[in-house]
Amino acid sequence: MRRRTFVATLAGLIGSRSASAQMMHDMGTMAGEGAPPSPKPAVPVLPQGQPLRDLPRLPNESTVPGRFSATITAGPGVVRYAEGLATPVLLYGGVEPVIEATEGDRIAIRFRNGIPGQPSTIHWHGMPVPSDQDGNPMNPVASGDERLYAFDLPEGSAATYLFHPHPHNFTAEQVYRGLAGVFLVKPKVDPIPAAYGDTLLMFTDLRIAADGTMPPSTMADAMNGRVGDHVLVNGQKNPILSVAPGEKRRIRLVNATNARYLRLGFAGARMLLVGTDGGLVETPVAVDEVMIVPGERVELIVAFDRPGEARLTTRAYARGWMGPDEPKEAGLVLLTARVSGRAAAAPPPLPQVLRRVVALGEPVVSRRLVFTEAMSRGGGMEGSHGLQDPKGMQDMKGMRDTGGMAGMGRPDGMEGMAGMDMGATARSAPSPSTPPGGKGMRFLINGRSFAMGRIDEVSKVGQLESWSIVNGSDMDHPFHIHGTQFQVVDIAKAGAIRTPAIRCWKDTVNVAVGETVRIRLRQDLPGPRMYHCHILEHEELGMMGTLDVRA
């Protein structure tokens, strides 16, 4: 079996004076040209080397076979990441929970929003649930209110999913403050033997000040997405996973960060890729590294062949960074596997074929989405790099800034949008302020910034479609669509076309600078579906659209 690199193509910045170049110039002007850099504040030291803890399972309140019922309350909490410091956070029931159910189950989750002054939702990221149960931004739950999410898990939906809030203009803040969980849908018959175990690693980002609080987001966060000072695994920094020599462990990786790209290698261990966003792949593939962008998930079989330590570490990746203070991406140790003790018994061999992934047929509709960025000055737009639809810019003219959440940017166009419970928003959302640099900055799809109530694309239930996602901006963007899984057909850049090494189901895919990623998909349930960049700050600054799927 040939070892592959399961990683996106590296790409540098485009050299023209684009919108991002203008943003970087503006940053220098605001900071003071030629001024000495201000000293960075002290970063608290987090403990390392503690035993890896399991994320807690949400208890099933139902006693009926084939049913899972529970209550989830989103609200404030306190976590002690560093000794002597209490960090105010947001949590689901005081934890970052895991929901575990089986394909075919009926799910009923009562959600209570205990977040003071903000609406929220639960979005079931990647899951094939009805539109009105998917926690879309047009269905907010006001602070102090509750609602029931109810849906069935169809046959064949076994996979590792993510859930998180998706209220318009509040998603980024609520996620970086701690609201995220994992939804494990197990198959009725698992082709991977139980002897391989099942270890879940959820990656989150953390930035805390010297007093333990989470600082508000900055201009650089609005442009690049918020990247923290620490990458945590199940809420811990570089925890210890204890394994026996010769052990082969099934490990699920979940990127629940706002914006951090994770290019990972496992020094001292061998990796087999066995699953992606939509579940198992057809055939295990040996890989040297994996790339996991925000919102993505990967399943691995990791072989710990010899005693000692094996380290899960980050590798360098140039996704395009606007402005100074680009964070260090390479050489971070996220987890250490301590391989010791008595040798493990050899597990049963993996099946050569884990499941069949049938290629989607020929599409009957083709769509083209172009990602760009722009700055607005005095009501107009400037510096839109790679814009394919200049006429679409007219929708941006004269738009009024309506403010944003505290410390974050807020996209324009919130007033009076059809389908939005504006009463809920008015009751629960105070008038926030625009962050430094957030005002006038937009990330666009086909030249337009997201507007609540506007339909951008219309589809039909069961219709096979081809989507070309074009990145005409100066940085990578992870593309995500709600309600379905897709297959990547090919990736084009600078005249070269490459096809994926494996056929698999996905709901999130990186689109690197200058790339066109072509996917095929089908929506099987009616209703509005969101598609957007999964750098959450970019989503909130306009890089999102609405697909209306009609019966």
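See the structure above.
Note that the structure is predicted; figures quoted are calculated from it, not measured.

Cut-offs applied
Residues numbered from 1 in each chain as written. Predicted model: local features only at pLDDT ≥ 70, side-chain atom pairs only at ≥ 80, totals over all residues. Heavy atoms only, no water. Helix = DSSP H or I, 4+ residues; strand = E, 2+ residues; numbered from the N terminus. Buried < 20%, exposed > 50% of the residue type's maximum accessible area, 1.4 Å probe, protein only. Contact = heavy atoms within 4.5 Å. Areas by Shrake-Rupley, 256 points an atom, 1.4 Å probe, with all protein chains shown as cover. Pairing = 2+ DSSP bridges. Axes fitted to C-alpha atoms, helices over the stretch in contact; angles between N-to-C directions.

**Q** For this particular structure, what's the right way to read the overall build of the chain?
**A** Helix and strand counts for the chain come out as five helices and 31 strands. When the 551 residues of the chain are sorted by exposure, 59% land in the buried category. Put simply, of all contacts in the chain between residues at least 6 apart along the chain, 79% involve residues at least 24 apart. Carbon and sulfur atoms make up 53% of the accessible area of the chain, which amounts to about 20,800 Å² in all.

**Q** Just to check I follow, could you spell out the sheet that holds strand S7 (residues 146–152) for this structure?
**A** Pairing between sheet strands relies on hydrogen bonds along the backbone, with the strands arranged either parallel or antiparallel. Taken together, four strands build an open sheet; the order of strands is S3-S2-S5-S7 and the sheet is mixed. Edge positions in the sheet fall to strand S3 (87–92) and S7, since each of these pairs with one other strand and no more. For this sheet, the mean angle separating the axes of adjacent strands, direction not counted, is 20°. Of the pairings in the sheet, the one linking strand S5 (residues 106–113) to S7 comprises seven bridges and is antiparallel in character. By the bridge assignment, Arg 112 is partnered in S7 with Glu 146.

**Q** For this particular structure, what's the right way to read the sheet that holds strand S25 (residues 477–481)?
**A** Here we have five strands laid out as an open sheet, ordered S23-S31-S30-S25-S28, and mixed in their pairing. The open sheet terminates on both sides in strands that have one partner only, identified here as strand S23 (457–460) and strand S28 (508–511). This sheet shows a mean twist of 25° between the axes of neighbouring strands, independent of strand direction. Sheet topology places S23 next to strand S31 (residues 544–550); four bridges connect them, and they run parallel. Note on S31: the bridge partner recorded for Ser 459 is Val 549.

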